Each structure stands twice: as C-alpha cells, then as structure tokens.
Amino acid sequence: MLVKLIYASTATAAVTTQTVNAILQVAQQRNALRDLTGMLVFDHQYFLQAIEGERQAVNDLLAKLMLDPRHRRVTMLSYAPIEVRSYAEWSMEFKSAAAVSKSLFLRHGCSSRFEPHDLSEAGALALMEAFRVSFPEA
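*Asks:* Is there a simple way to think about the overall build of the protein chain in this case?
*Replies:* Per the secondary structure count, the protein chain includes four helices and five strands. Starting at the N terminus and walking to the C terminus, you meet the elements of the protein chain as β-α-β-β-α-β-β-α-α. Taking 138 residues into account, the globule formula puts the C-alpha radius of gyration at 14 Å, and the protein chain, at 14 Å, falls close to it. For the protein chain, the C-alpha atoms occupy an extent of roughly 35 × 30 × 25 Å along the three principal directions.

Laid out in structure tokens, this is it:
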C-alpha cells in the first residue's frame, strides 16, 4: 500500500545551504534505494516535508526522522493512503520557502509567514501542491 506522509519540524541549530545540500544528497540516494519520493520545503528554521512510498518504508523513515537531532517538534500533518504519487519524478526535491510570496502562506495557512506547524492537513497538502506545480525553481 502506498502512503504519503507530510510532517513539519524545527531546526535545532543554524542550517546553512551546505547543510541542506548534504541532507538532500543523502536523502536522494537513500530514497532512491527504498523507492521513496518526496519534496522538502525549508526556510532556514522550519522544515515541511512530504514523503511517499510503501507504508513500511515510510514508517521506517519516520522512525529515523523522529530521532534525528538536527530537528525537533516533528509534527505529523498528514498520513494517508494514496493511489498515485505526486512526486514520482523526485527521490527528494527541494523548494525554498524564503523564495516565495507571503500570499501563498496566507492562502493555505494562518499567517503570511512560513509556519508549517500551524497548517491543517488540508492546508499542508495544498501548500505542498502549490510548491510542486507553481514554483519549479523555488
């Protein structure tokens, strides 16, 4: 059974571009081996990530993420079965939340800032979809 997980978390320390690139490189390699696909949105403080794949592979990754010291407040926003992957072309794509208009956050959340912990499940799904289709270079 395919599932999609969307979670938010907060960085525990300053995250540089090099750190994000290193995270992405490892995630892309490991996800490809596990047939996981997804997208990471980050703004120098908050992570919002969608992960798709077989239920056991997603659950195993979630267990590792919960123990990762690079972030805290890991909050599951959505976890549901899916029929079709939204991110099939990406083992892990990156989008910068800092590079988009505040109106996008107002449209899908409660404020003009990127605050993924405050998103509803519907808001998280809609925001991730907006990043996927509207900001290919974000």
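*Asks:* Teacher, can you tell me more about the sheet that holds strand S4 (residues 71–81) here?
*Replies:* Hydrogen bonds along the backbone pair up the strands of a sheet, which may run parallel or antiparallel. An order of S4-S1-S3-S2-S5 is seen for the five strands of this open sheet, with the pairing classed as mixed. In this open sheet, the two edge strands, each paired with only one partner strand, are S4 and strand S5 (93–96). Recorded for the sheet is a direction-independent mean angle of 15° between the axes of neighbouring strands. By the bridge criterion, four bridges tie strand S2 (residues 37–42) to S5 in an arrangement that is parallel. Within S5, the residue paired with Val41 across the bridge is Lys95. Here helix H2 (residues 55–67) sits on the sheet and contacts strand S1 (2–11), strand S3 (46–54) and S4; the angle it forms with S3, its principal contact strand, is near 150°.

*Asks:* Quick question: what am I supposed to make of the pattern of salt bridges here?
*Replies:* A side chain of one charge can pair with a side chain of the opposite charge if their charged atoms are brought near each other. Overall, the coordinates contain five salt bridges when judged by the stated rule. For the salt bridge of Arg70 with Asp68, the shortest nitrogen-to-oxygen distance reads 2.7 Å. Residue Arg70 is classed as partly exposed on the basis of its relative accessible area of 45%. Between Glu115 and Arg113 there is a salt bridge, and its shortest N-O distance comes to 2.7 Å. Taking the relative accessible area as the measure of exposure, Glu115 reaches 21% and is therefore partly exposed. Take Arg113: its relative accessible area is 53%, and that puts it in the exposed class.

*Asks:* Would you mind showing me how to read unusual backbone geometry here?
*Replies:* As a rule of thumb, non-glycine residues mostly have phi less than zero, and peptide bonds are mostly trans rather than cis. Non-glycine residue His44 carries a positive phi angle of around 85°. Inspection of the secondary structure puts His44 in the loop between S2 and S3. For His44, a relative accessible area of 52% corresponds to the exposed category. Although it is not a glycine, Arg73 sits at a positive phi angle of roughly 55°. Note that Arg73 resides in strand S4.

*Asks:* In this structure, what is going on with the side chain of His117? I would like to understand it.
*Replies:* Mapped onto the elements, His117 comes out in the loop between helix H3 (102–108) and helix H4 (121–134). A polar contact of 2.8 Å, which involves the side chain of His117, links it to the backbone oxygen of Arg73. If sequence neighbours within four positions are ignored, His117 has contacts with Ala8, Ser9, Thr10, Tyr46, Arg73, Thr75 and Leu77.

What counts and what doesn't
Residues numbered from 1 in each chain as written. Predicted model: local features only at pLDDT ≥ 70, side-chain atom pairs only at ≥ 80, totals over all residues. Heavy atoms only, no water. Helix = DSSP H or I, 4+ residues; strand = E, 2+ residues; numbered from the N terminus. Rg over C-alpha atoms; globule rule 2.2 N^0.38 Å. Pairing = 2+ DSSP bridges. Axes fitted to C-alpha atoms, helices over the stretch in contact; angles between N-to-C directions. Contact = heavy atoms within 4.5 Å. Salt bridge = Lys/Arg side-chain N within 4 Å of Asp/Glu carboxyl O. Buried < 20%, exposed > 50% of the residue type's maximum accessible area, 1.4 Å probe, protein only. Polar contact = N/O pair within 3.5 Å; in protein donor to acceptor, adjacent residues only side chain to side chain.

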